[in-house]
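Listed below are the residues making up each chain.
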Amino acid sequence: MDFTSGGFVSGNIVITTVLIFGLVAASLRARILDKQGIVAAAALGFFVGCLGHWTWLLLLLCFLLSSHLATKWRFEEKTELGLSESADGHRGWINVAANGGMPALVALLAFLVDDWEHGLWMFAAAVSVATSDTWASEIGCLDNRVRMITTLKPCEAGVNGGFSPNGQLAAAVGGILIGVSALIASMVMFSTTVSDGLVVAAVVAGLGFLGCQIDSVLGAVFENRGFLSKGSVNALSIIAGVALMWLYLGTPM
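Residues numbered from 1 in each chain as written. Predicted model: local features only at pLDDT ≥ 70, side-chain atom pairs only at ≥ 80, totals over all residues. Heavy atoms only, no water.

Chemist: Just to check I follow, could you spell out the overall build of the protein for this structure?
Modeler: The secondary structure content of the protein amounts to nine helices and two strands. Across the protein, helices and strands are ordered from the amino to the carboxyl terminus as α-α-α-α-α-α-β-β-α-α-α. A compact globule built from 253 residues should have a C-alpha radius of gyration of about 18 Å, and the protein, at 18 Å, falls within 12% of that. By its C-alpha atoms, the protein is 55 × 40 × 30 Å across when sized along the principal axes. For the protein, the residues scored as buried account for 51% of the 253 residues in total. (Helix = DSSP H or I, 4+ residues; strand = E, 2+ residues; numbered from the N terminus. Rg over C-alpha atoms; globule rule 2.2 N^0.38 Å. Buried < 20%, exposed > 50% of the residue type's maximum accessible area, 1.4 Å probe, protein only.)

Chemist: Whenever I open this one, the pattern of salt bridges confuses me. Can you help?
Modeler: Opposite charge on two side chains makes pairing possible when the charged atoms of those side chains draw close. If you walk through the whole model with that rule in mind, you get three salt bridges. Glutamate 77 is the partner of arginine 74 in a salt bridge, and the nearest nitrogen-oxygen pair spans 2.8 Å. For arginine 74, a relative accessible area of 36% corresponds to the partly exposed category. One salt bridge connects arginine 145 with aspartate 143, and the closest N-O pair in it is separated by 3.0 Å. (Salt bridge = Lys/Arg side-chain N within 4 Å of Asp/Glu carboxyl O.)

Chemist: For this particular structure, what's the right way to read the environment of leucine 177?
Modeler: For leucine 177, the location among the structural elements is in helix H7 (residues 165-190). Residue leucine 177 is classed as partly exposed on the basis of its relative accessible area, which comes to 29%. Separated by 123 residues in sequence, leucine 177 and tryptophan 54 place their C-alpha atoms 18 Å apart. Beyond its immediate chain neighbours, meaning those up to four positions away, leucine 177 contacts Cys62, Ser66 and Trp135. (Contact = heavy atoms within 4.5 Å.)

Chemist: I tried to follow the packing of aromatic side chains on my own but got confused; where do I start?
Modeler: The relative placement of two aromatic rings is captured by the distance of their centres and the angle of their planes. In total, this model carries three aromatic pairs according to the counting rule given. In textbook terms, an aromatic cluster arises when at least three aromatic residues are bridged by ring pairs, as seen for Phe8, Phe111 and Trp116. Sitting over the face of the ring of phenylalanine 75, lysine 72 holds its NZ or CZ atom 4.8 Å from the ring centroid. (Phe/Tyr/Trp six-rings, centres within 6.5 Å; stacked < 30°, edge-to-face > 60°. Lys NZ or Arg CZ within 6 Å of the ring centre and 35° of its normal.)

Chemist: Teacher, can you tell me more about unusual backbone geometry here?
Modeler: Among all residues except glycine, the phi angle is most often negative; among peptide bonds, the trans geometry is most common. Positioned with a positive phi, leucine 152 is a non-glycine residue whose angle comes to about 65°. In this structure, leucine 152 sits in the loop between strand E1 (147-148) and strand E2 (162-163). Not every positive phi belongs to a glycine, and serine 191 is a case in point at roughly 55°. Looking at the secondary structure, you find serine 191 in the loop between H7 and helix H8 (194-223).

Chemist: I keep staring at a nonpolar patch on the surface and nothing clicks. Help me out?
Modeler: On the surface, Ile176, Val180, Ile184, Met187, Val188, Val194 and Leu198 cluster together to form a nonpolar patch covering roughly 580 Å² of accessible area. Elements that contribute at least two residues to the nonpolar patch include exactly H7 and H8. Looking at which element gives the most residues to the nonpolar patch, the answer is H7, with five residues. Taking the relative accessible area as the measure of exposure, isoleucine 176 reaches 49% and is therefore partly exposed. (Patch = residues over 30% accessible without salt bridge, like charges linked within 9 Å, V, L, I, M, F, W, Y side chains within 5 Å. Areas by Shrake-Rupley, 256 points an atom, 1.4 Å probe, with all protein chains shown as cover.)

Chemist: Honestly, the nonpolar core in this entry has me stumped. Any pointers?
Modeler: One broad trend across soluble globular proteins is that nonpolar side chains are buried collectively. Membership of the largest hydrophobic core comes to 49 residues, with the highest contact counts inside it found for Leu33, Val48, Trp56, Trp121, Phe123 and Met245. Of all the secondary structure elements, the ones that give two or more residues to this core are helix H1 (10-30), helix H2 (35-51), helix H3 (54-72), helix H5 (93-113), helix H6 (116-140), H7, H8 and helix H9 (230-249). At eleven residues, H6 tops the list of elements feeding residues into this core. If we skip the residues at most four places from it in the chain, tryptophan 56 touches Val48, Ala107, Ala110, Trp116, Gly119, Leu120, Phe123 and Met189. (Core = buried A, V, L, I, M, F, W, Y, C linked by side-chain atoms within 4.5 Å.)

Chemist: Can you help me understand the environment of glycine 82 in this one?
Modeler: Within the fold, glycine 82 resides in the loop between helix H4 (75-80) and H5. Relative accessible area serves as the criterion here: at 58%, glycine 82 is assigned to the exposed category. Spatially, the C-alpha atom of glycine 82 lies 8.8 Å from that of glycine 158, the residues being 76 residues apart in sequence.

Chemist: What is the right way to look at the packing of H1 against H3 in this model?
Modeler: Where H1 meets H3, the axes come as close as 10 Å, and the angle between the chain directions of the two elements is 10°. Judged by the angle between their axes, H1 and H3 are roughly parallel. The handedness of the crossing between H1 and H3 is left-handed. Contacts between H1 and H3 pair Asn12, Ile15, Thr16, Leu19, Ile20, Leu23 and Ala30 from the former with Trp54, Leu57, Leu58, Leu61, Leu64 and His68 from the latter. Of the residues that constitute the contact of H1 with H3, the class distribution is ten nonpolar, three polar and no charged. (Axes fitted to C-alpha atoms, helices over the stretch in contact; angles between N-to-C directions. Parallel < 35°, antiparallel > 145°, perpendicular 65-115°, else oblique. Left-handed = near helix turned anticlockwise from the far one by under 90°. Nonpolar A, V, L, I, M, F, W, Y, C, P; charged D, E, K, R; others polar.)

Spelled out as structure tokens, the structure:
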């Protein structure tokens, strides 16, 4: 059974299916997602795993689980300050779509052009931006040293476009997490050596951090004025991360 090839091969489908069941079980037990979010995540995960690769699904799960932990970090304080997105920290289908839509599109494109190697790094860039932004928001919102990204003037925590030292550090760590995870995925799929994949993995991490800054600028300029929703800002920043990775790779995808 082939566990390294992407697309509709038996090994890929089997492991993807097992991971989806694990995702559903973990979400029900830990309230990571609400019911609609679970359905959306399961469908998205199956799509990504079968068209891309099961390691790509693991990247999404890495984002989901680590973001849940970041959300739950000092959750009572966030709730008291009105900084939590839900009463118990779970996320819904809109969040799944905003953060997973572009990765799913990359998986489809990789399948259609039969190029999973470049597809992996573009997929990782998308997940890296989503992870960096979520970590920055969830951890940085409790740092009082907040400044508006467009003016560098002090502002209240939780305001769109605000950034803080702790948030920036969290964004960097989130990007590194996905960069390392993508390197491992490349080693599984293509037998990439650490030395060969280290530079592009670092680019993945860097694009995650950069995408977080793009998200903040879009939030400050457009979301605060009512021109974009939070989900739209997230999606656009992820698209920017994928586009920059595409330019870096120089791939025809």
